[in-house]
Amino acid sequence: MSRYASYGSLDDRIAQDGDVGFVGFNNRLRPDQLQAGMLADAQNIRMDRNGQAQVRRGVDLVNAPLSVGLSALTLPFTLVADDTSVTATRTDATVVLTDITATDFPSSGTVNISGVTMSSGPAVNGDRAYTKDSNTQITISDQAYEGSASGTATVKFGILNDGVVNNIYGSTDFSDPNQASTQYIVLGSNAKAVGIDIANSITFDIGYPAATTYSASVDMIQAFNKVFIFQGGITALENNLRISTISAAAVVASTNLVTITTSTNHNLVTGDIVTINALGFSASNPDPNGSTKTITKTSDTQFTYALTTSSDETYTVSSSSIVATDFTNVASGTYAQPESIFSVVKDFSIINSVGSLHTSQALIVGNKLTMTDDGPTASCGLKIASDFFVNEVFSSGDAVTVNAVSISGTTVTVGTSSSHGLKLNQPVTFASLDAGLNGNNSVAKVNSTTEFEVEVGSAFTVTDTAGTVTPAAGITFIVDAEKITSEKTQAQARASDPVFIKKVSVGLGFTHMPAPPFATYHQRRLVMPFQFSVDASSNSYTTRNIQDEIIASDILDTDTYDQVYAQYRFNAGTSDFVVGLHSFAEDRLLVFNRNSIHIVANTTDLQSASTQVLTDEVGCVARQSIEQVGNQVIFLSDNGVYGTQFLDEYNLRGTETPLSEPINETIGRINKNAQENAVAVYFDNRYYIAVPLDSSSNNNVILIYNFLNKQWESIDTVNDTNYHVSNLLVLGDGDKRGVYAVNDIGGVHRLDHRTDGVDRVSTQIGGTEQSIQIPGALTTRQYTFGTLDRKRWKEFDFHIQSSDTNTSDLNIDFETENPDDTGSIGTLSSFSDGALAIGEDVSIRGRIGNRRGYGIQFTFNNTVGRPIIRAIEVEGATTMRSTNKAE
């Protein structure tokens, strides 16, 4: 800009102020108090380490809000008077209803039909999807209709069915341990769970147990390779979720039996209950999609299930069909305290340092067994009182025909007529063979899918080679060398009868999971609020009227809770209650109460665990706002976003000033009546927290804190009042990894993803997908030259760049203070002869018009693309410096 070569003593010297980079925004201080690089406001902005301020990337639609079932009621709606004189005729494969009063009918939906008889094929009576042809005619084409239609139809419009999806009450991410690089979102609705494969945007149903529905918020987590659904006072659900993609036609191999083939190993086992999804059933199929079936495993890539009625059809499969195991209730009722496991000859063996034991007692992986007798009749060679951890659990299965037996020494090779499906060390039972082989045993070696080996106590002569082998219930565990008193031969081990007992309670006895409102995984345990006691009858609980106590499960056992030693109470008798739990380093569990924060240490040994108060000056208001970032644990409190940090080798200390102090004006707008709904995640060096502002009861904005810049970066919104966030999740692999937002109607959107400057969203069930310009806005600090004098603002210089993927344009306004004035500088395109081209940068200069004011600040609002603001400079002169009165 132009400068004078010299100035006189009374000249108004030209001064400059501005920013050559930006790090964050602060709306607590006045704009004229802000330091260089700080903004007064940032809406939908991201600030890099190089100081550039750019409109954020767009929100991208991953899954549209879930469509409700055919019988669900979509609001708003109009109840239309029943039509009772409608004519029904079949045209091609559809049924056409004429003489109907359809003036108020939407273009499509659901009606209830009765009074129509079809001469053949499927019936049309019932709840049917329709399309509107005119104000007097609708067409039913939900299936292929046959024959002729007769009778006078009665049509009812406006149907309510609580058995279909009408709301999403919880969600969680799920990573299948049996599938590499695949992640899912699981949504908990009122009537069923719905899974979403984010890599392929495929949805599939996951059933609930019979009569299970939800009408309020639930908590969902993945732990121990299971998905859990919690709601306080109600039996929790669990699902050892196994998901498989169906790859081939589903063929009815015989009447009443459907055979399913999967593209990869399905990992299902006989007895699993699954929900059938996306099969192309023909019109006469009796079992629609969404029905639950108990399957029988026939191979690693195939399983079968029975139909409720006979059918001899070939069903097609869509290109993206998925089947998943259903949820079941966790155990409840009276807990069966541990009992001794007495073995008999042939029940126990040790092969390659792995113990195998036949038992039908309910055990899970990770259970601790203590050997109380190494063999009342014959010693097994293990130390008494040794502890062993269950390594694998086996269930009984269907018998497989044996067609070959050979023996070498004490090693028996067994051949089967079909795939045996057995694993190393798996317990089995032989029948209808030689006496030396019949009875219990365990697999010593797997040679192929139709051949395996076992060890016997002594050699025998093979005379029978036709019998059966049946997978048996049992367990395996690792036998460490220090737990052996004397080496035993296989014959001696199999002749022994050791006695084991599951770990015994160190308190008042074990109990089942006590119907918690939520739980957290910590040190191989589930830890949860202990608000309800488990009654003797199934699925029944009694409130304990205690809100400030937690209880921990046994190690790797989500069904066993040790009363007294596994429960901890905080601030007993005070007005306080548990809000959230967080696990972190050095075996420390943070317990966030409403008015205080506590630490539980050394939970590996429950008897020696200790508790201490971290602070009673601040508590947590929103459980899902708790996130650990480096050496800090961040959460939403009454004072705003607060943090604790690690000091002195992982000792925790609370910080004195809230992390959100610079944006206290925004924090003060959080709706106190809905603040418990706030949710947060940490990703890409940023803390995202969705909160409800003003009168909204839903989270309608996302506040972003940038840990690289150590400042609050943006207030993110979508320019649609129906867009809100009920949960934030970080999941995905490769280019799919990111932050995903879930709302209460099942819509899933990925944040910070699109590069075209628009948000692609859908906010209504059945609504049209929208592409909305991102409402980016940046307001600078107030430039004052560091003096209180009035200035005459002369010129500006802005350095602006377009993104590498799209053109850019924006509006530029200014505001002066004392005297107050506003004005428009114009648009970027007016300075650059049109929208700024892709990847181009420009320095735009112009005059402000000698506007007077103590300070000036600028606001940039983007209208096209994702423009980048790199630097701002403003020039002016201090005026009215005379001490004489100016008139």
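Residues numbered from 1 in each chain as written. Predicted model: local features only at pLDDT ≥ 70, side-chain atom pairs only at ≥ 80, totals over all residues. Heavy atoms only, no water.

Undergrad: Before we move on, could you go through the nonpolar core and cite the residues and values that matter?
TA: If you look at the biggest cluster of nonpolar residues, it comprises 52 residues, and the most contacted ones within it are Trp712, Phe798, Phe858 and Phe860. It is strand β72 (residues 791-801) that provides the largest number of residues to this core, a total of four residues. Contact partners of Phe798, with chain neighbours within four places excluded, come to Ile812, Ile825, Val842, Ser843, Ile844, Phe858, Phe860, Ala871, Ile872 and Glu873. Ranked by size, the runner-up nonpolar core spans 20 residues in total, among them Tyr169, Phe204, Tyr208 and Ile322. (Core = buried A, V, L, I, M, F, W, Y, C linked by side-chain atoms within 4.5 Å. Buried < 20%, exposed > 50% of the residue type's maximum accessible area, 1.4 Å probe, protein only. Helix = DSSP H or I, 4+ residues; strand = E, 2+ residues; numbered from the N terminus. Contact = heavy atoms within 4.5 Å.)

Undergrad: Would you mind going over unusual backbone geometry in detail, with residue names and values included?
TA: The residue after Asn818, namely Pro819, is reached through a cis peptide bond having omega 0°. Its identity as a non-glycine residue notwithstanding, Phe785 has a phi of 60°, on the positive side. Summarising the element assignment, Phe785 is placed in the loop between β71 (777-780) and β72. Look at Asn850: it is not a glycine, yet its phi comes out positive at around 60°. Among the structural elements, Asn850 can be located in strand β75 (residues 841-853). The partly exposed category is assigned to Asn850, whose relative accessible area is 31%.

Undergrad: Please provide a residue-by-residue account of the side chain of Gln54, values included.
TA: Secondary-structure assignment places Gln54 in strand β5 (residues 53-55). On the accessibility criterion, Gln54 (13% relative accessible area) is buried. Setting aside anything within four residues of it in sequence, one finds Gln54 in contact with Asn44, Ile45, Arg46, Ser803, Arg866, Pro867 and Ile868.

Undergrad: Lay out the environment of Asp373 with the relevant residues and their values.
TA: Considering the arrangement of structural elements, one finds Asp373 in strand β36 (residues 368-373). Under the relative-accessibility criterion, Asp373 is labelled partly exposed at 25%. Along the primary structure Asp373 and Lys383 are separated by ten residues, whereas in three dimensions their C-alpha atoms are 8.5 Å apart. Leave out the neighbours within four places in its chain, and Asp373 touches Ile384, Pro498 and Val499. A polar contact is formed between the side chain of Asp373 and the backbone nitrogen of Gly375, at a distance of 3.0 Å. (Polar contact = N/O pair within 3.5 Å; in protein donor to acceptor, adjacent residues only side chain to side chain.)

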